[in-house]
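# A closer look at the structure
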Amino acid sequence: MSANSSHSLDPSCGKVYLVGAGPGDPGLMTLKGKTLLECADVVVYDALISPPILAMINPQAEQIDAGKRRGRHSMLQAEITALLIEKAQSHPIVVRLKGGDPFMFGRGGEEMADLLAAGVPVEVVPGITSGIAAPAYAGIPLTHRSHSSSVTFVTGHESAGKYRPAVNWQAIAQGSETIVIYMGIHNLSYIIAQLSLAGLSPETSIALVQWGTRPEQEILIGTLNTIEQQIEATGFQAPAIAVIGSVVALQSVLSAGVVS
Ligand SMILES: C[S@@+](CC[C@H](N)C(=O)[O-])C[C@H]1O[C@@H](n2cnc3c(N)ncnc32)[C@H](O)[C@@H]1O
């Protein structure tokens, strides 16, 4: 996708490429994204980017860690945008490297809009989102003709002051056979309580996939009734994707055929 022509773009300015790094396995990086990393002048990257992907970056490029972790932002969003604008004024190829897909819970839409408003040309290069890749590497298909014809991707961590109504967990529980939750671990008891109120059985299957597609991938499987105790007992931690629904049962069959 190219920059929107309704904005007046500065022709002397370099271009910012909003690149999705995928979920961690370097083999899941797109060819277009890899080529851009190899010829970038500046790369501004987020916290969850895996080391083999950072190793693809042009060694001559300026590399800036804008990594954000829950509760301790190393750079504010406005600072990142200002930095990208500044770098694009003096460099032809600026890559903004984001985990997974830039437009899936990655603030890519906001960053792109701010850059375009500042007259900076922008192009988005999609990546494979963790909500699809982590379950796949764990052996969980999100849809299956015998289990699920619908899937919802939802955030479990709503940012403070977000100009949106809260997530409607009741509608999701009733309308979707598979639920994929990003950033849900810290808020899991609230989410489970909401889904239970909406009528999901305590026996509903749930899988948590931590560091999906990376060598350190861990999977925890249980039910809505048991999973919190399992997290406590194992010390399971974010970052993880949660998958809720009967497709989770397929993991015991399909995990024999997935990447390990
Ligand atoms: C700010 S969101 C960014 C999502 C990203 N844009 C994407 O498309 O995957 C960060 C959350 O994504 C999920 N996540 C990202 N990478 C992951 C991975 N390799 N394994 C499991 N979950 C991951 C976790 O829920 C994490 O808290």
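This report concerns the structure included in the present document. Small disclaimer: the values here were computed from a predicted structure and weren't measured.

## Quick look at the packing of helix H3 (residues 77-90) against helix H4 (residues 108-117)
Relative orientation of the contacting elements H3 and H4 amounts to 45°, with a least axis distance of 10 Å. With respect to each other, H3 and H4 are oriented oblique. In the crossing of H3 with H4, the sense of the turn from one axis to the other is right-handed. Between H3, through Gln77, Ile80, Thr81, Leu84 and Ile85, and H4, the contact on the second element is made entirely by Glu111, Asp114 and Leu115. Considering only residue class, the contact of H3 with H4 consists of four nonpolar, two polar and two charged.

## Topic: the pattern of salt bridges
In total, this model carries nine salt bridges according to the counting rule given. Salt-bridge contacts for Lys15 lead to Glu123; the nearest nitrogen and oxygen are separated by 2.8 Å. Of this pair, Lys15 sits in strand E1 (residues 15-20) while Glu123 sits in strand E7 (residues 122-125), placing them 108 residues apart in sequence. You can call Lys15 partly exposed: its relative accessible area is 22%. Salt-bridge contacts for Arg96 lead to Asp46; the nearest nitrogen and oxygen are separated by 3.0 Å. Taken together, the residues Arg96 in strand E6 (residues 93-98) and Asp46 in the loop between strand E2 (42-45) and helix H2 (51-54) connect sequence positions 50 residues apart. Just as Arg96 is buried, Asp46 falls in that class too. A cluster of three or more residues bridged by salt bridges with shared partners is formed by Asp46, Arg96, Lys98 and Glu111.

## Topic: the sheet that holds strand E9 (residues 178-182)
Judged by pairing direction, the sheet is mixed, and its five strands sit side by side in the order E8-E9-E12-E10-E11 without closing on themselves. Both outer strands of the open sheet, strand E8 (151-155) and strand E11 (218-223), are each paired with one neighbouring strand and no more. Averaged over all pairs of adjacent strands, the angle between their axes in this sheet comes to 20°, without regard to strand direction. Relative to strand E12 (residues 240-244), strand E10 (residues 205-210) runs antiparallel, the two being bridged by five bridges. For Val209, the partnering residue across the bridge sits in E12 and is Ile241. Contacting E8, E9, E10, E11 and E12, helix H5 (residues 130-138) runs over the sheet at an angle of about 75° to E12.

The rules behind the values
Residues numbered from 1 in each chain as written. Predicted model: local features only at pLDDT ≥ 70, side-chain atom pairs only at ≥ 80, totals over all residues. Heavy atoms only, no water. Axes fitted to C-alpha atoms, helices over the stretch in contact; angles between N-to-C directions. Helix = DSSP H or I, 4+ residues; strand = E, 2+ residues; numbered from the N terminus. Parallel < 35°, antiparallel > 145°, perpendicular 65-115°, else oblique. Left-handed = near helix turned anticlockwise from the far one by under 90°. Contact = heavy atoms within 4.5 Å. Nonpolar A, V, L, I, M, F, W, Y, C, P; charged D, E, K, R; others polar. Salt bridge = Lys/Arg side-chain N within 4 Å of Asp/Glu carboxyl O. Buried < 20%, exposed > 50% of the residue type's maximum accessible area, 1.4 Å probe, protein only. Pairing = 2+ DSSP bridges.

Fair warning: the whole summary comes from geometry, so function is off the table for now.
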